[in-house]
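# Inside the fold
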Amino acid sequence: MTGTRGYHHGDLPRALLAAAEEAIRESGPAALSLRDLARRAGVSHAAPAHHFGDRAGLFTALAVQGFDLLAEALESAGGELLDLGVAYVDFAVRHRAHFEVMFHPDLYRSDAAEVRAARERAGAALHAGVTALPAAATDAGDGRGGVHGPLGDALAAWSIVHGFATLWLADALPPGVGDDPREVARTVIGRLFAPAADPG
């Protein structure tokens, strides 16, 4: 990445986050250090600590940014559950560095208010697709708690799309499935998200 000395001071955190994304895409989050981040961004070694405090603070900012980006992607996808699932996979592929941080809460301050707000916004967008399903599909009226009803369906939908995205990023899918993650995801997820056939 080019140096950031020409950046306005207020833009430096954004530049540091961009440099962190680059580093994570190359080597994963475990290898990232604030000193390496400063070198990549072309700033003093104290600059990342000044803006983020420590490594956990940097990852917290990345997680917030990631959940916000995910929420935007899901909100733009429309209310159909299949489209939301494809948008989720597309986000994971396009924002791999964020994805690798967001779901490893041991890396950041997961109880921070800004993290909770961003995570809840993304979760609400995914839940919106589940609530659009027919009532019979969500067991909405069975009176059971736990993971039954809409919550259970939301967890099932999330597990499906998150699992597919994780397998894609790990290059663990069988050979020959295709090279367009959106297209493959739409086919695979569609087999599970498609509404049940009307027996009548």
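Residues numbered from 1 in each chain as written. Predicted model: local features only at pLDDT ≥ 70, side-chain atom pairs only at ≥ 80, totals over all residues. Heavy atoms only, no water.

## A word on the overall build of the protein
Looking only at helices and strands, the protein features 10 helices and zero strands. Its helices and strands in sequence order give the protein the pattern α-α-α-α-α-α-α-α-α-α, from N to C terminus. By residue count, 39% of the 200 residues in the protein fall in the buried class. Considering only residue pairs separated by 6 or more positions, the protein has 65% of its internal contacts joining residues 24 or more positions apart. Only carbon and sulfur atoms are counted for the fraction: they give 55% of the accessible area of the protein, which is about 10800 Å². (Helix = DSSP H or I, 4+ residues; strand = E, 2+ residues; numbered from the N terminus. Buried < 20%, exposed > 50% of the residue type's maximum accessible area, 1.4 Å probe, protein only. Contact = heavy atoms within 4.5 Å. Areas by Shrake-Rupley, 256 points an atom, 1.4 Å probe, with all protein chains shown as cover.)

## Digging into the packing of aromatic side chains
Under the defined criterion, the tally for this structure stands at five aromatic pairs. Aromatic pair F99 and F103: ring centres 5.3 Å apart, planes at 65°, arrangement edge-to-face. What makes F99 buried here is its relative accessible area of 6%. Classification of F103 as partly exposed rests on a relative accessible area of 23%. (Phe/Tyr/Trp six-rings, centres within 6.5 Å; stacked < 30°, edge-to-face > 60°.)

## Quick look at the layout of surface pockets
By volume, the second largest pocket amounts to about 290 Å³. As for the second largest pocket, its lining consists of 18 residues, of which R119, A122, G123, L126 and W158 are closest to the centre. Sorting the residues of the lining of the second largest pocket by element identifies α4 (55–76), α7 (113–131) and α9 (149–169) as the ones contributing at least two each. When residues of the lining of the second largest pocket are assigned to their parent elements, the largest contribution, five residues, is made by α7. (1 Å grid on protein atoms, 1.4 Å probe; cavity = no way out; pocket = protein on both sides within 12 Å on 5 of 7 lines; lining within 4 Å. Points joined across faces, edges and corners; volume = space filled by probe spheres on them.)

## Overview of the confidence of the model for the protein
For residues with low pLDDT, the predicted coordinates do not support detailed interpretation. Summing up the model confidence of the protein, the mean pLDDT is 85 and the portion of residues at 70 or higher is 83%. Across the protein, element-level confidence peaks in helix α6 (residues 96–102) with a mean pLDDT of 97 and bottoms out in helix α8 (residues 135–138) with 49. This stretch, residues 1–6, has a pLDDT under 50; its non-local contacts, to residues over four places away or in other chains, come to 16 contacts. The low-confidence segment residues 196–200, where pLDDT is below 50, has zero contacts with residues more than four positions distant or belonging to other chains. (pLDDT = per-residue confidence, 0-100.)

## Some points on the packing of α4 against helix α5 (residues 81–94)
At a closest axis distance of 9 Å, the pairing of α4 and α5 adopts a crossing angle of 145°. The element α4 and its partner α5 pack so that their crossing is right-handed. Along its contact with α4, which presents G66, L69, L70, A73 and L74, the element α5 presents L84, A87, Y88 and F91. Tallied by class, the residues present in the contact of α4 with α5 amount to eight nonpolar, one polar and no charged. (Axes fitted to C-alpha atoms, helices over the stretch in contact; angles between N-to-C directions. Left-handed = near helix turned anticlockwise from the far one by under 90°. Nonpolar A, V, L, I, M, F, W, Y, C, P; charged D, E, K, R; others polar.)

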